[in-house]
Amino acid sequence: MFLLVSIGAQAQFAKHIDTLKFIGQTGETRGKIYECVTYGNADSITINGIKFYTTQSGIETDPIWLSDSSQYPKKTYADNRYEYKIAAETFMSKIADDTISGVKIFNDETLGIFNSTGDGYAVIRARVSSGIGNNITFPDSSGTVALTSNLYKMTRYVAYSSGNNNVEVLADSAGIVVTVANTNEFTFAIPPGVRLISSKIRLGTGFTTIKLFMDTDDMGNTSATNRWMAICQGWREDSGQQLTGLTTTMDNSGSPNYQKITINGLITGANNQIRISF
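Read on for an overview of the structure. Position numbers for residues count from 1 along each chain, tracking the sequence in the order it is written. Where local features are concerned, this predicted model is filtered to residues with pLDDT of at least 70; where side-chain atom pairs are given and counted, the filter is 80 or more; whole-chain, interface and lining totals use all residues. Side-chain descriptors were evaluated using all non-hydrogen atoms of the structure, hydrogens and water having been removed beforehand.

This part takes up the environment of Asn257. Note on conventions: DSSP H or I runs of at least 4 residues are helices, E runs of at least 2 residues are strands, and numbering of each starts at the N terminus. You can see Asn257 is positioned in the loop between β16 (247–251) and β17 (260–264). The buried label applies to any residue whose accessible area, calculated with a 1.4 Å probe on protein chains only, is under 20% of its type's maximum; exposed applies above 50%, and partly exposed to all values in between. Given the relative accessible area of 31%, Asn257 is considered partly exposed. Along the primary structure Asn257 and Thr222 are separated by 35 residues, whereas in three dimensions their C-alpha atoms are 7.1 Å apart. In this description, contact between two residues means that some pair of their heavy atoms is separated by no more than 4.5 Å. If sequence neighbours within four positions are ignored, Asn257 has contacts with Asn221 and Asn252.

If you want it as structure tokens, here you go:
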């Protein structure tokens, strides 16, 4: 498109430029600007007789602009003509309390919640499989939501094994380790938060007595008032007969006190199966 401009000889010193015409490639008139004011306190441009101001000091004369101005983005905070109107309840405020009445769907790992110090956040994820997920209903009570690692579950595993001597435990989680000293002293190392339910102790031949040290992380075991004595039973492995002469003793001497349990009455000529429980 060709632009033909007709101006006066001294147009560069005049306040107005008159007239600008827009001519198409075939010579037809595409429109023209009658007046263009480029400086002053009320800079404006007049198009087809309608004057538009580029500053706030002028007075708008466009009837369409005046009727629709409330729907335009705000130019400045002081000029209401440019304020964009948003209907109430169509947005969430960053700092105000809002009530959400409709379902809002977040893509995977897009809903994050800051921690109490504000220096990190946790991401909430739905189930991994596709399709519509299951509903989650929170109970009508206050409390802390636990992770699966915080839930108690019974597990059975080997805590010690050497030759014909081995110890298995039944506990609410892993981590219990048994060590042996002086041939017949079995020490149970129980991590904090782990609960020992019962234990099976298998012994080879030659034992008449064993001593168990039960640690203090599982139970108190710091005095005669808070110690837990184990319920103890035993069997001969060769015949399967129960050891009726098996006895247990609360040992309050030595170090550490109140943690030691002595089991007497084992059969020396056969393997022994001992079961303790709490």
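Structure's up, so let's keep going.
Moving on, we come to the nonpolar core. Buried residues of nine kinds, namely Ala, Val, Leu, Ile, Met, Phe, Trp, Tyr and Cys, make up a nonpolar core once their side-chain atoms join them within 4.5 Å. Counting 27 residues, the largest nonpolar core has Ile176, Phe188, Ile210 and Leu212 as its most contacted members. Broken down by secondary-structure element, the contributors of at least two residues to this core are β9 (155–162), β10 (165–171), β12 (185–189), β13 (196–203), β14 (209–213), β17 and β18 (272–277). Setting aside chain neighbours within four positions, we find Ile176 in contact with Tyr157, Ala159, Val169, Ala171, Phe188, Ala189, Ile190, Pro191, Val194 and Leu196.

Here the focus is the sheet that holds β18. Strand pairing is assigned whenever DSSP identifies at least 2 bridges connecting the two strands. Read from one edge of the open sheet, 5 strands run β9-β10-β13-β18-β15, paired in antiparallel fashion. The two strands at the open ends of the sheet, each matched to only one other strand, are β9 and β15 (231–236). Taken pair by pair, the neighbouring strands of this sheet meet at an average axis angle of 15°, ignoring direction. By the bridge criterion, 7 bridges tie β9 to β10 in an arrangement that is antiparallel. Note on β10: the bridge partner recorded for Val158 is Glu168. The axes are straight lines fitted to the C-alpha atoms, using for helices just the contacting stretch, and the angles between their N-to-C directions are given from 0 to 180°.

Let us now look at unusual backbone geometry. Residue Asn182 is not a glycine yet carries a positive backbone phi of 55°. Mapping Asn182 onto the fold places it in the loop between β11 (177–181) and β12. Within the chain, Thr183 stands out as a residue other than glycine whose phi angle is a positive 70°. Considering the arrangement of structural elements, one finds Thr183 in the loop between β11 and β12.

Now for the pattern of salt bridges. The rule for a salt bridge is simple: a side-chain nitrogen of Lys or Arg has to be within 4 Å of a carboxyl oxygen of Asp or Glu. Tallied over the full model, the rule gives 5 salt bridges. In this structure, Lys200 engages Glu168 in a salt bridge whose closest nitrogen and oxygen atoms are separated by 3.8 Å. Placement of the pair is Lys200 in strand β13 and Glu168 in strand β10, with a sequence separation of 32 residues. Here Lys260 makes a salt bridge to Asp251, at a shortest N to O gap of 3.0 Å. Across the pair, Asp251 and Lys260 agree in class, each one buried. Where salt bridges share partners, they join Arg156, Glu168 and Lys200 into one cluster.

Quick look at the packing of aromatic side chains now. Aromatic contacts are taken between Phe, Tyr and Trp rings whose centres are within 6.5 Å, Trp giving its six-membered ring; a plane angle under 30 degrees counts as stacked, one over 60 as edge-to-face, and the others as tilted. Counted by the stated rule, this structure contains 2 aromatic pairs. Measuring from centroid to centroid gives 5.9 Å for Phe114 and Tyr121, while their planes differ by 75°, and the two rings are edge-to-face. Owing to a relative accessible area of 55%, Phe114 belongs among the exposed residues under this scheme. Pairing Tyr160 with Phe186 gives two aromatic rings, centres 6.3 Å apart and planes at 90°, and the pair type is edge-to-face. Here Tyr160 is found in strand β9, whereas its partner Phe186 is found in strand β12, with 26 residues between them in sequence. Accessibility assignment for this pair places Tyr160 and Phe186 in one class, buried.

Attention shifts here to the pairing of β12. Where β11 lies against β12, 5 bridges are found, and the strand directions are antiparallel. Note that in β12 the partner of Thr179 across the bridge is Thr187. Where β11 folds back onto β12 in an antiparallel hairpin, the turn is made up of 3 residues, including Asn182, whose phi is positive at roughly 55°. Both β12 and β14 contribute to a ladder of 3 bridges, which runs parallel. The residue bridging Glu185 from the neighbouring strand is Lys211, located in β14.

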